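Each chain is listed here by its residues.
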Amino acid sequence: MSEAPEAADSLLDTLRIGVVILDTGGRILLWSPTTEELLGWRSEEVAGRRFVEFLHPAQRDPDPALRIYGELRRGRLWRGGLCGLHRDGHGVEVDGQASLLEDADGEPFILANVVEVSRLKAIEHDLAALDALFDSSPLGIAIFDEKKRFVRVNKALVELHQKPGEQILGRTVEEVLPAFMAQEISEVQSVVLRTGRTLVDMVMPSPDGQGARSVSYSRLTDRSGHVLGVSCTVMDVTERREALEKIERARQRLSLLDDVGVALGDLLDVRRISRALARSLVPRFADYAGVMLHGAVAHGDELPRGGTAAGVPLLQLGVAAKSTGPEVERMLRVGQDIAFAPDSFFGTVLATGVPHLAASQRELLAATYPGDPKVQAALDLGIHSLMCVPLRARGIVLGLLVISRAERREPFDRDDLALTMELAGRAGVSLDNARLYAREREGALMLQRSLLPQRVPSPPGVRIGYRYVPGSSGTEVGGDWFDVIPLAGGRVAFVVGDVMGHGLRAAATMGRLRTAVRTLAGLDLPPDELLRRVNDIADDLAHGPEEPLMATCVYAVYDPSTRHCTLAKAGHVPPVLLTPGRDGRWSARALDLPSGAPLGVGGVAFASVDLEVEEGAALVLYTDGLIESRGEDITEGLDRLCRSLSAVRGTLDIEHVCDDVIALAAPGDGGGDTRPGGPSGVVAAHTAVDDVALLVAQLGGLPEDSAACWTFPAESRAVRRARDEVRRTLHKWGLDALTDEAVLLVSELVTNSLRYAHGPIGVRMVRGSSLLVEVSDPLPDPPRERVADEHDEGGRGIQLVAQSSRRWGTRHGPIGKTVWFELTLPGERALSQG
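Residues numbered from 1 in each chain as written. Predicted model: local features only at pLDDT ≥ 70, side-chain atom pairs only at ≥ 80, totals over all residues. Heavy atoms only, no water.

1. Digging into the overall build of the protein chain
Heads up, the rule is: We count a stretch as a helix when DSSP gives it H or I for four or more residues in a row; a strand needs E for two or more, and each element gets its number in order from the N terminus. Here, residues are in contact when the closest pair of their heavy atoms is within 4.5 Å. Each accessible area value is a Shrake-Rupley result obtained with a 1.4 Å probe; residue values ignore everything except the protein chains displayed when judging cover.
Per the secondary structure count, the protein chain includes 25 helices and 31 strands. Taking all contacts inside the protein chain whose residues are at least 6 apart in sequence as the whole, residues at least 24 apart take part in 62%. In the structure as shown, the protein chain presents an accessible area of about 41200 Å², 51% of it carried by carbon and sulfur atoms.

2. Details of the sheet that holds strand β19 (residues 492-502)
Put simply, the test is: A pair of strands is treated as paired once DSSP finds two or more bridges between them. Here, axes are lines fitted to C-alpha atoms. For helices the fit covers the stretch in contact, and angles between N-to-C directions go from 0 to 180 degrees.
If you walk across this open sheet you meet the five strands as β18-β19-β20-β21-β24, and the pairing is antiparallel. Both edges of this open sheet fall to β18 (478-486) and β24 (609-612), since each of them pairs with a single strand only. Across the sheet, the mean angle from the axis of one strand to that of its neighbour is 15 degrees, orientation sign disregarded. Taken together, the seven bridges between strand β20 (residues 551-559) and strand β21 (residues 564-570) define a ladder with antiparallel strand orientation.

3. A word on the nonpolar core
Under the convention used in this document: The criterion is simple. A nonpolar core is a set of buried Ala, Val, Leu, Ile, Met, Phe, Trp, Tyr and Cys residues joined through side-chain atoms within 4.5 Å. Here the term buried applies to any residue with accessible area under 20% of the maximum for its type, exposed to any over 50%, and partly exposed to those in between, with areas from a 1.4 Å probe on protein chains only.
If you look at the biggest cluster of nonpolar residues, it comprises 58 residues, and the most contacted ones within it are Phe-494, Tyr-555 and Leu-619. Ala-276, Val-282, Leu-391 and Ile-396 belong to the second largest nonpolar core, which has 41 residues in total.

4. Examining the environment of Lys-569
For Lys-569, the location among the structural elements is in strand β21. Considering only alpha carbons, one finds Lys-569 and Pro-527, 42 residues apart in sequence, at a separation of 8.2 Å. The contacts of Lys-569, once residues within four sequence positions are left out, are Leu-531, Cys-553, Val-554, Pro-574, Leu-593, Pro-594, Ser-595, Gly-596 and Phe-606.

5. Side note on helix α8 (residues 179-195)
Where we set the bar: One less than the residue count of a helix, multiplied by 1.5 Å, gives the span that helix is expected to have. The directions from the helix axis to the C-beta atoms are what the arc is built from.
Its 17 residues place the ends of α8 25 Å apart at the C-alpha level, agreeing with the 24 Å of an ideal helix rising 1.5 Å per residue. Every buried residue of α8 is accounted for by Met-181, Ala-182, Ile-185, Ser-186, Val-188, Gln-189, Val-192 and Leu-193. Taken down its axis, α8 places every buried residue within 165 degrees of arc, on the same side. Exposed residues pointing more than 90 degrees away from the buried face of α8 are listed as Ala-179, Phe-180 and Arg-194. Elements that come into contact with the buried residues of α8 comprise β6 (140-145), α7 (173-176), β8 (199-205), β9 (212-221) and β10 (227-236).

6. Overview of the packing of helix α17 (residues 504-521) against helix α18 (residues 527-536)
Formally: Here the angle decides the label: under 35 degrees means roughly parallel, over 145 means roughly antiparallel, 65 to 115 means roughly perpendicular, and every other value means oblique. By the definition used in this description, the sense in which the near helix is turned from the far one sets the handedness, with an anticlockwise turn below a right angle giving left-handed and a clockwise turn giving right-handed. Under the convention adopted here, Pro, Cys and the residues Ala, Val, Leu, Ile, Met, Phe, Trp and Tyr are nonpolar, Asp, Glu, Lys and Arg are charged, and Gly plus all remaining residues are polar.
Running from N to C, α17 and α18 cross one another at 135 degrees; their axes reach a closest spacing of 10 Å. By the angle between their axes, α17 is oblique relative to α18. The way α17 lies across α18 gives a crossing that is right-handed. Along the contact surface, α17 presents Leu-513, Val-517, Leu-520 and Ala-521, while α18 presents Leu-530, Arg-533 and Val-534. A breakdown of the residues in the contact of α17 with α18 according to their chemical character gives six nonpolar, no polar and one charged.

7. Some thoughts on the side chain of Ser-430
In this fold, Ser-430 is placed in helix α16 (residues 414-451). Of the residues examined, Ser-430 reaches a relative accessible area of 16% and is grouped as buried. Dropping the residues within four chain positions of it, Ser-430 is found in contact with Leu-264 and Ile-273.

8. Considering the pairing of strand β22 (residues 576-580)
By the criterion of burial, β22 is predominantly enclosed, with four of the five residues buried. Strand direction decides the pairing type here: β22 and strand β23 (residues 586-590), joined by five bridges, are antiparallel. Considered in β23, the bridge of Leu-577 is made with Arg-589. Remark: five residues form the turn of the hairpin made by β22 and β23, two consecutive strands paired antiparallel; Asp-583 in that turn has positive phi of roughly 60 degrees. Here β22 pairs with strand β25 (residues 617-622) via three bridges, running antiparallel. Among the inter-strand pairings, Leu-577 is bridged to a residue of β25, identified as Leu-619.

9. Describing empty space enclosed by the protein
We count it as follows: The pocket and cavity definitions rest on a 1 Å grid over protein atoms only: a 1.4 Å probe that fits but cannot leave marks a cavity, an open set with protein on both sides within 12 Å along at least five of seven lines marks a pocket, and residues lining either have an atom within 4 Å of a point. Grid points are joined across faces, edges and corners, and a volume is the space filled by probe spheres set on the points.
Summed over the entire model, instances satisfying the criterion amount to four cavities of 30 Å³ or more. Here the largest cavity defines a volume of roughly 160 Å³. Forming the boundary of the largest cavity are 17 residues, of which His-161, Leu-177, Ile-185, Val-215 and Val-234 lie nearest the centre. Breaking the lining of the largest cavity down by element, the ones donating at least two residues are β6, α6 (155-161), α8, β9 and β10. The residue makeup of the lining of the largest cavity, split by class, is 15 nonpolar, one polar and one charged. Counted as a void, the second largest cavity has a volume near 100 Å³. If you trace the second largest cavity, you find 14 residues lining it, with Leu-22, Phe-51, Ile-68, Leu-82 and Ala-112 closest to the centre. Looking at the lining of the second largest cavity, the elements with two or more residues in it are β1 (17-22), α4 (64-73), β3 (78-85), β4 (91-102) and β5 (108-116). In terms of residue count, the dominant contributor to the lining of the second largest cavity is β5 (four residues). Of the residues contributing to the lining of the second largest cavity, the split by class is eleven nonpolar, three polar and no charged.

10. As for the pattern of salt bridges
Put simply, the rule reads: Salt-bridge detection follows one rule: a side-chain nitrogen of Lys or Arg within 4 Å of a carboxyl oxygen of Asp or Glu.
Evaluation of the coordinates by the stated rule reveals 39 salt bridges. Linked through salt bridges whose partners overlap, the residues forming this network are Arg-249, Arg-253, Arg-405, Asp-413 and Asp-416.

11. Notes on the packing of helix α9 (residues 238-265) against α16
Where α9 meets α16, the closest approach of the two axes is 10 Å, and the angle between their N-to-C directions is 15 degrees. Judged by the inter-axis angle, α9 sits roughly parallel to α16. Note on packing geometry: the crossing formed by α9 with α16 is right-handed. From α9, Arg-249, Arg-253, Leu-256, Leu-257, Val-260 and Leu-264 reach across to α16, where they touch Asp-415, Asp-416, Leu-419, Glu-422, Leu-423, Arg-426, Ala-427 and Ser-430. Broken down by class, the residue content of the contact of α9 with α16 amounts to seven nonpolar, one polar and six charged.

12. Side note on the packing of aromatic side chains
The cut-off we apply is this: Each Phe, Tyr or Trp ring (for Trp, its six-membered ring) is paired with any other whose centre lies within 6.5 Å, and the angle between the two planes then decides the class: stacked below 30 degrees, edge-to-face above 60, tilted in between. Only lysine NZ and arginine CZ atoms are considered, and such an atom sits over a ring when it is within 6 Å of the ring centre and within 35 degrees of the ring normal.
Under the defined criterion, the tally for this structure stands at seven aromatic pairs. Seen from their ring centres, Trp-41 and Phe-54 are 5.2 Å apart, and the 70 degrees between their planes marks the pair as edge-to-face. Taken together, the residues Trp-41 in the loop between α2 (33-39) and α3 (43-46) and Phe-54 in the loop between α3 and α4 connect sequence positions 13 residues apart. Judged by its relative accessible area of 2%, Phe-54 falls in the buried class. Taken together, the ring pairs in this structure connect Trp-31, Trp-41 and Phe-54 into an aromatic cluster. Sitting over the face of the ring of Phe-285, Arg-405 holds its NZ or CZ atom 5.2 Å from the ring centroid.

13. Here we look at α17
Here α17 contains 18 residues, and its C-alpha end-to-end distance of 26 Å stays within 8% of the 26 Å for a straight helix at 1.5 Å per residue. Listing the buried residues of α17 in full gives Ala-506, Ala-507, Thr-509, Met-510, Gly-511, Leu-513, Arg-514, Ala-516, Val-517, Leu-520 and Ala-521.

14. Digging into the side chain of Lys-148
Put simply, the rule is: Charge assignment: positive for Lys and Arg, negative for Asp and Glu; neither His nor the chain ends contribute. Polar contacts, as counted here, are pairs of nitrogen or oxygen atoms within 3.5 Å of one another; within protein the pair requires one atom able to donate a hydrogen and one able to accept it, and residues that are adjacent in sequence qualify only if both atoms are side-chain atoms.
Mapped onto the secondary structure, Lys-148 falls in the loop between β6 and β7 (150-153). Of the side chains bearing the opposite charge, Glu-174 lies closest to the buried Lys-148, which forms no salt bridge; the N-O distance is 4.9 Å. Reaching out from Lys-148, the side chain makes a polar contact with the side chain of Ser-190 at a distance of 2.9 Å. Not counting the four nearest positions on each side in its chain, Lys-148 is found in contact with Arg-171, Thr-172, Val-173, Ser-186, Gln-189, Ser-190 and Leu-193.

15. So, the pairing of β5
Looking at chain direction, β1 and β5 are connected through six bridges and run antiparallel. Pairing of Val-20 across the sheet is with Ala-112, part of β5. Across nine bridges, the pairing between β4 and β5 is antiparallel. Residue pairing across strands places Gly-96 opposite Val-114, the latter belonging to β5.

16. Quick word on unusual backbone geometry
With glycine set apart, most residues show a phi of negative sign, and most peptide bonds adopt trans. Cis peptide bonds are those with omega within 30 degrees of zero, and the linkage from Val-282 to Pro-283 qualifies with 0 degrees. Along the chain, Pro-283 turns up in the loop between α10 (270-281) and β11 (288-293). The phi angle at Lys-148 is positive, at roughly 65 degrees, despite the residue not being glycine. Its identity is not glycine, yet Glu-407 carries a phi of approximately 55 degrees, on the positive side.

Function cannot be read off these values alone, since they describe shape.
As structure tokens, then:
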């Protein structure tokens, strides 16, 4: 039997129906080519032979041809199955149908059609399966002809359309479906018929508008490719769509919760939290939103134990609206006080903490007193659904969150109320944390201000500018400080330091360290020696062994009479010296000082650097918060500081320099008042991530002819010469009123040096806010004040100096010691006595 063609053009090609003509004796008269394919015998091989020879041996007795002829003579159409014998020797099951005909001469013959049983049964099985699937499928199935008319529908489709089948068959979708969906479906059918592209899962509304349908279309063609029509499957997806909508709503709710949590998570300011909460809900969840809080929450005060009292107005701090206009402004205005009647649902929510959902405009009218302009504004805006939920923390109602929907938006439901309560709960915790933070921050800032200098002196020859900027993170106070300390001889010390860490502990440690530095500064120690001594007592300044002191510091001493400056630092950022140049230009450079180690690190030496500064130069001392930035090397911040200072032109304005430098703490931040606030110069906290201390000192000299100095050999006439020079200089300065007192004290000190030291004796006088007199000699040991007995011939010099001068002291120098004292100027003395 030959192979079937790979591609059949019609159903007949698939079935392969063979034709056999027999005479009444069972001999083969005609054997068609299809029969040749079925049994493998050629027509010339079988012509004239008996048909029974080409049947399986089991079917040869009796002769089937004679039996078929007998049935046909009785006037019956014969149909039955036979087993043919293939040329190759195997049997071929065929199904046949025969009829008795006559030729032109009236002679009878048998015409038989045979088809291979295996192929016929396969087609019958396929058709039966398709019919069963068509009838039993839960999907609605429809077949359309090439003119888009219904030609067959199943039971499921009839039930979906809720019309009998006879009202559907033969009609088009325009005649069966509503107009709002028929036009679109007809266009889709036309496209599928024309292009052959299959359309899958097109979701459309139900004909009654109460659900959703998923439709799919594909083109039907025969085996030759001729277009027969369109098939369609329809599935009711109402439940699926509702489930997806519920899933999507749940996803959106979770997303809203997450987004609100992120928006509020990093905020520690009540007003910013209120604004962020309102804006996160509009227009995503509501059309209008307002956040109203108790005044204690807004100002960081203690909450009333009994909660919000009835009739106490709330402060509206956060608002958001989908539109703007006078009605919105009347209903939502930041900063306004809003009081609610105790019997209104707003007052009830405040008193009980139970949320309220107003589902109609009639309920809105009953919200407050009749004629309330806010309610009327809400009605004018078309608001029809409103929720009022409490903002609570630790069981206390902090305020209200009020959100509403307007116009055609769906009203709030119970699920929305549950979501809003969850949002309000999270927001309440954030608001209470911000309130506690504001209270702690205010206390920390108060401590910080009390520990910083309350009054910065203005020594002669020096102009001072300073700023302190609290940080914008953590508790917003740290261990940064600055100080200006007057020293003996008209000199002045500048200090800037930074205790590691933030908060009250860092501020308290800073206060201890500042006190230690001021105390040691009174000993008139060189900067490196002062830092060494502070480092030696670091353990005593720390809070405990588990919290060792770690701080950086820079200490500078300036003498206006000589314009000589000595500096040393302990792990601190380098000071910057701003010097005047030609044409009003200024240049800034970082001073190269031995870095030293931070205070608290033992076993490290400190070293001082001496330099003579130009008249009018400025020394800039600061903490690392000024130049540090995330993702940036500290040298880049130092270069930026130097560039900013070098941009100064003309006369140096200390205050403007301070403002410009502080602006570097947050590059790109255009806001914030940087003017000094209060006695300690605290400025806006948001200008720096870390706290910043800044001290700018413009260094000048004393007026001309304000100082005189002499050196005398260690011989007896040194006393007389010293008295003469002092008397002559005081007369020249117009200070004759101080001559006797100054000459007496200088005589005592020079005499003391002659007695115990054997080297040159130096005398120096400086006229400033007081008269400074210094006597130096090579003896390293300082003199001691003692009470002389009436029989002692000496020992009264230092006692006399201590009694007669405004203040006195000693200090070590590179070649020995210096004893100094100050006398009040005549004008100052009269002023103090008056």
